[in-house]
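Observations on the model geometry
One letter stands for each residue in the lines below.
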Amino acid sequence: MQVGDLVIPEVHLVTDDGEPMDSPWHRSQMNLLIESILHHWQDRTDYYVGGNMFVYYSIQQAEQVVRDIQEGVHRAYRGPDFFVVKGVDGQKPRKAWVVWEEDGRYPDVIVELLSPTTFREDTVRKKEIYERIFRTPEYFWYDPESDDLVGWRLRQGRYRRIRENPRGWLWSQELGLWLGRWDGEYLGEGGRWIRFYDPTGELVLIGSEAERQRAEAALRQAETERQRAEAALRQVEIERQRAEAERQRADRLEAELARLKARLAALGLEGEVASAG
C-alpha cells in the first residue's frame, strides 16, 4: 500500500476485538461526550469525533494488536475512550483511525474514563504515548470511583496540569469549551457525568436535550399566547358588562322619566311643566 511517496506494508487492521467497555456507565459516558460535540458542532464537517475505537500509529503496533488478539492478551495500545481530531474530513467513514491514512494526523483532544482495571494504563502508559508519540495538545481523564477530573496540556513537549476553575471545571483550548461534572439523567440512568460547558458556563446540550428544550419553549409560548387570549377575552367581557350596565342604567332612567311624565299627566301639570321649560 502506498500513501503519497511512502510505501506502507500490507497489514490486517483489527477494528473490533470483541471486548466490551468496563461498564454500562463507561459506554454511556463516552456516547454522551460524542453526542455533545456532534450537536455543538452540527454545522461543521471539518472534524472527527470518535470513541472506543482503534487508533493505529505504526505498523509494529498494528501487528502487535493482531498478535495480542490471537494470544488473548492486551499489550499493544488500542485507542482512547473519546477523542477529537480537528481539520479533517468529518464525513469520511472510518472503522478505525489510521494515522498514515490521515496525513499523519493524531487526536487533538483525548478523554479517558478510568476504571480499577485501566487506572495505571490510562494514567501512566497512555499518558506517555499521548505526550511523546501522539503529541496530543490536551489529555483529560476522569475517575468515576474517586470523582477525580484531571487535565494535561502540552507545553514545550511535556504535559503540564491544567488548573481547574472555582467550579472544578477544566478549560479545553482545543475545543473552546469547559469540561466539568454534571449530575443528572442520561439514557434513563441517573448519576454523575462529565459534560462540556460553553465559555459562558451554559451546558452544551445533546440533540435530544435541545429538542426537548425547543418543545418546552414552544409549550411556554403557547401557554403565553393562551393566557394573552384569555386576558383579551376577559377584557372584552368586562367591556360587555360595562356596556350592559350602561344600557340597563339608561333603561332605568328612561323608565323613571316615563313614570314621572305619567305622574305629571295624572296631576294635570305636564303641559305647565312643558310651558315653563
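To be clear, the structure that these remarks concern was listed above.
Since the structure is predicted, the reported quantities are computational estimates derived from the model, not experimental observations.

Parameters at a glance
- Residues numbered from 1 in each chain as written.
- Predicted model: local features only at pLDDT ≥ 70, side-chain atom pairs only at ≥ 80, totals over all residues.
- Heavy atoms only, no water.
- Helix = DSSP H or I, 4+ residues; strand = E, 2+ residues; numbered from the N terminus.
- Rg over C-alpha atoms; globule rule 2.2 N^0.38 Å.
- Buried < 20%, exposed > 50% of the residue type's maximum accessible area, 1.4 Å probe, protein only.
- Contact = heavy atoms within 4.5 Å.
- Areas by Shrake-Rupley, 256 points an atom, 1.4 Å probe, with all protein chains shown as cover.
- Pairing = 2+ DSSP bridges.
- Axes fitted to C-alpha atoms, helices over the stretch in contact; angles between N-to-C directions.
- Lys, Arg positive; Asp, Glu negative; His and termini not counted.
- Salt bridge = Lys/Arg side-chain N within 4 Å of Asp/Glu carboxyl O.
- Polar contact = N/O pair within 3.5 Å; in protein donor to acceptor, adjacent residues only side chain to side chain.
- Phe/Tyr/Trp six-rings, centres within 6.5 Å; stacked < 30°, edge-to-face > 60°.
- Right-handed = clockwise from strand over helix to strand, strands pointing away.

A count of helical and extended segments in the protein gives 5 helices and 13 strands. Taking 19 Å as the expected radius of gyration for a compact globule of 277 residues, we find that the protein reaches 37 Å, considerably beyond that expectation. Viewed in the frame of its principal axes, the protein has a C-alpha envelope of about 130 × 40 × 35 Å. Relative to its full complement of 277 residues, the protein shows a buried share of 39%. Nonlocal contacts in the protein, meaning residues at least 24 apart in sequence, comprise 57% of its contacts between residues at least 6 apart. When the accessible surface of the protein is split by element, carbon and sulfur atoms take 50% of a total near 16,500 Å².

Glancing now at the sheet that holds strand E12 (residues 177-186). Strand pairing in a sheet relies on backbone hydrogen bonds, with the paired strands running either antiparallel or parallel. Taken in spatial order, the 3 strands make up an open sheet running E11-E12-E13, and their pairing is antiparallel. In the strand order of this sheet, the two ends are held by strand E11 (170-172) and strand E13 (189-197), each with one partner. Direction aside, the axes of adjacent strands within the sheet are offset by 40° on average. Inspection of the sheet shows E11 paired to E12 by 3 bridges, in the antiparallel sense. Note on E12: the bridge partner recorded for leucine 170 is leucine 179. Running at roughly 35° to E13, helix H1 (residues 24-40) makes contact with E12 and E13 of the sheet.

Bringing the side chain of aspartate 198 into the picture now. Looking at the secondary structure, you find aspartate 198 in the loop between E13 and helix H4 (207-267). Buried and unpaired, aspartate 198 has no salt bridge, with arginine 167 as the nearest side chain of opposite charge at 8.1 Å. Within the local environment of aspartate 198, its side chain forms a polar contact with the side chain of threonine 200, the two groups lying 2.6 Å apart.

What the rule picks out here adds up to 22 aromatic pairs. Seen in terms of ring centroids, phenylalanine 83 and tryptophan 97 are 6.3 Å apart; in terms of plane orientation they differ by 70°. Their pairing is edge-to-face. Of the two residues, phenylalanine 83 sits in strand E5 (residues 82-86) while tryptophan 97 sits in strand E6 (residues 97-98), which places them 14 residues apart along the sequence. Ring plane angle 80° and centroid distance 5.7 Å describe the contact between tyrosine 186 and tryptophan 193, whose orientation is recorded as edge-to-face. Owing to a relative accessible area of 5%, tyrosine 186 belongs among the buried residues under this scheme.

Ordered by their spatial adjacency, 6 strands build an open sheet running E3-E5-E7-E8-E9-E10, and the pairing between neighbours is mixed. Two strands lie at the open edges of the sheet, namely strand E3 (47-50) and strand E10 (158-161), each paired on one side alone. Each neighbouring strand pair of the sheet contributes to a mean axis angle of 15°, computed without reference to strand direction. Pairing of strand E7 (residues 109-113) with strand E8 (residues 138-143), which is carried by 5 bridges, proceeds in the parallel orientation. Following the sheet pairing, isoleucine 110 is matched in E8 by tyrosine 139. Sitting on the sheet, H1 touches E3, E5, E7 and E8, and the angle it makes with E3 is about 165°.

Now for unusual backbone geometry. For asparagine 52, which is not glycine, the phi torsion reads 50° and is therefore positive. Mapped onto the elements, asparagine 52 comes out in the loop between E3 and strand E4 (55-56). Judged by relative accessible area, which is 44%, asparagine 52 ranks as partly exposed. At aspartate 147, a residue that is not glycine, the phi angle is positive and equals roughly 65°. Tracing the chain through its elements places aspartate 147 in the loop between E8 and strand E9 (148-155).

Summarising burial for E7: 5 of the 5 residues are buried, a large majority. Side chains of E7 alternate between two faces, with Val109, Val111 and Leu113 and Ile110 and Glu112 buried alike. With 3 bridges joining them, E5 and E7 adopt antiparallel strand pairing. Looking at the pairing, valine 84 lines up with valine 109 of E7. Crossover connection from E7 via helix H3 (residues 119-134) to parallel E8: handedness right-handed.

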